[in-house]
Amino acid sequence: MVATPRPLIAGNWKMNGLKSAGPREAKKLATRMGKVAKPQCDVLICPPATLLAPLRDALKGSRIAIGGQDCHGNASGAHTGDISAAMLKDSGCRYVIIGHSERRADHGESSQEVRVKADAAQAAGLTAIICVGETAAERKAGQTLKVVGKQLTASLAKGCTAKNTVVAYEPVWAIGTGLTPTVDDVRQVHGFIRARLRRRFRDDGAAMRLLYGGSVKGSNAEELMAVDNVNGALVGGASLTTADFWPIVATCI
Ligand code: PGA
């Protein structure tokens, strides 16, 4: 039997945070974590690239990992403005978010590109957090499982394992809106994703962590984290301060 995946609570700071406050917030979180004798979950912060080095230094010796928010599919080369997976690794990252819906929308990233990036991340020794999720219109049209299934098939590469891959289900309409699906809806989609992963990756698919993301906050984290096949959260707005983030972490700690 495959053991229940260890939860991961991941903060995605998006394009927020400056040196004046970011490292201080991260340190506060590390202090809270440090008081827990034996944490039952992993905690991650994905700051903007400009804060990777300051956060790495601020979190040295703590239990909190850092990650990137995107990477290029190539290892190096003439790609102005981009960052490679190896560079993230070199900056102290253990994870990288790939295919967030804001990247898919703002930068027109296709699932095929997401797969190339995930491959690059895994080759560099990072764990890729691969995001999938439907839009409001797709949900209204009853297309949720079809859309998520297609994204999964196309975004996940052959070499995905429980160690190098995390899948995040993030309904686009729930991100930054304060809206969340019902727990039944989350259970349905996560169950569907789990079945797909099991079919394709066998034991690795059973052990892969499946995060829910989209307007997770202290007040709804407990019920969301209790849903079958939810193994943690990808948190945007509520990850920016320790005051907001800690109650979410505390539901899994
Ligand atoms: P949110 O963002 O928690 O602010 O809704 C989640 C995400 O985009 O990862």
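In case you missed it, the structure is sitting above this.
Now for a quick tour of the structure.

Each value, and the rule that gives it
- Residues numbered from 1 in each chain as written.
- Predicted model: local features only at pLDDT ≥ 70, side-chain atom pairs only at ≥ 80, totals over all residues.
- Heavy atoms only, no water.
- Helix = DSSP H or I, 4+ residues; strand = E, 2+ residues; numbered from the N terminus.
- Rg over C-alpha atoms; globule rule 2.2 N^0.38 Å.
- Buried < 20%, exposed > 50% of the residue type's maximum accessible area, 1.4 Å probe, protein only.
- Areas by Shrake-Rupley, 256 points an atom, 1.4 Å probe, with all protein chains shown as cover.
- Lys, Arg positive; Asp, Glu negative; His and termini not counted.
- Charge placed at Lys NZ, Arg CZ, Asp CG, Glu CD.
- Contact = heavy atoms within 4.5 Å.
- Near = heavy atom within 4 Å.
- Polar contact = N/O pair within 3.5 Å; in protein donor to acceptor, adjacent residues only side chain to side chain.
- Nonpolar A, V, L, I, M, F, W, Y, C, P; charged D, E, K, R; others polar.
- Pairing = 2+ DSSP bridges.
- Axes fitted to C-alpha atoms, helices over the stretch in contact; angles between N-to-C directions.
- Salt bridge = Lys/Arg side-chain N within 4 Å of Asp/Glu carboxyl O.

The next thing to look at is the overall build of the protein chain. A count of helices and strands for the protein chain gives eleven helices and eight strands. Taking 18 Å as the expected radius of gyration for a compact globule of 253 residues, we find that the protein chain reaches 17 Å, a close match to that expectation. Taking the principal axes of its C-alpha atoms as reference, the protein chain extends roughly 45 × 45 × 40 Å. The buried share of the protein chain, reckoned over its 253 residues, is 51%. Carbon together with sulfur atoms contributes 52% to the accessible area of the protein chain, which is approximately 11,700 Å² in total. Positive and negative side-chain charges in the protein chain, numbering 33 and 22 respectively, have mean positions lying 4 Å apart.

Quick look at the environment of Asp204 now. Mapped onto the secondary structure, Asp204 falls in helix H9 (residues 203-207). The partly exposed category is assigned to Asp204, whose relative accessible area is 30%. Between the C-alpha atom of Asp204 and that of Cys160, which follows or precedes it by 44 residues, the distance is 8.0 Å. With residues up to four places along the chain from it excluded, the contact list for Asp204 reads Thr161 and Ala162.

By nearness alone, 13 residues border the ligand, and Lys14, His100, Glu170, Gly176 and Ser215 come closest of all. In this structure, an oxygen atom belonging to the ligand sits 2.6 Å away from a side-chain N or O atom of His100. In isolation the ligand exposes 280 Å². Once the protein is present, 95% of that is buried. A class-by-class count of the residues in the shell around the ligand yields four nonpolar, seven polar and two charged.

Turning our eyes to something else, we now look at the pairing of strand S1 (residues 8-12). Among the five residues in S1, five count as buried, and that is most of the element. The two faces of S1 match: Leu8, Ala10 and Asn12 on one face and Ile9 and Gly11 on the other face are all buried. With five bridges joining them, S1 and strand S2 (residues 42-46) adopt parallel strand pairing. Of the residues in S2, the one forming a bridge with Gly11 is Ile45. Relative to strand S8 (residues 232-235), S1 runs parallel, the two sharing four bridges. Residue Ile9 lies in a different strand from S8, and its bridge partner there is Ala233.

Reading around the circumference, S1-S2-S3-S4-S5-S6-S7-S8 is the order of the eight strands in this closed barrel, with parallel pairing throughout. Neighbour to neighbour, the strand axes of the sheet diverge by 25 degrees on average, direction disregarded. Where S2 meets strand S3 (residues 64-68), three bridges bridge the pair, whose relative direction is parallel. Bridging across to S3, Leu44 finds its partner in Ala65.

On to the pattern of salt bridges. Enumeration according to the criterion identifies twelve salt bridges in this entry. One salt bridge connects Arg103 with Asp70, and the closest N-O pair in it is separated by 3.3 Å. Here Asp70 lies in the loop between S3 and helix H3 (85-90) and Arg103 lies in helix H4 (residues 101-106), a separation of 33 residues in the sequence. Here Asp70 falls in the buried class, since its relative accessible area comes to 15%. Residues joined in a network through salt bridges with shared partners are Asp70, Arg103, Glu109 and Lys117.

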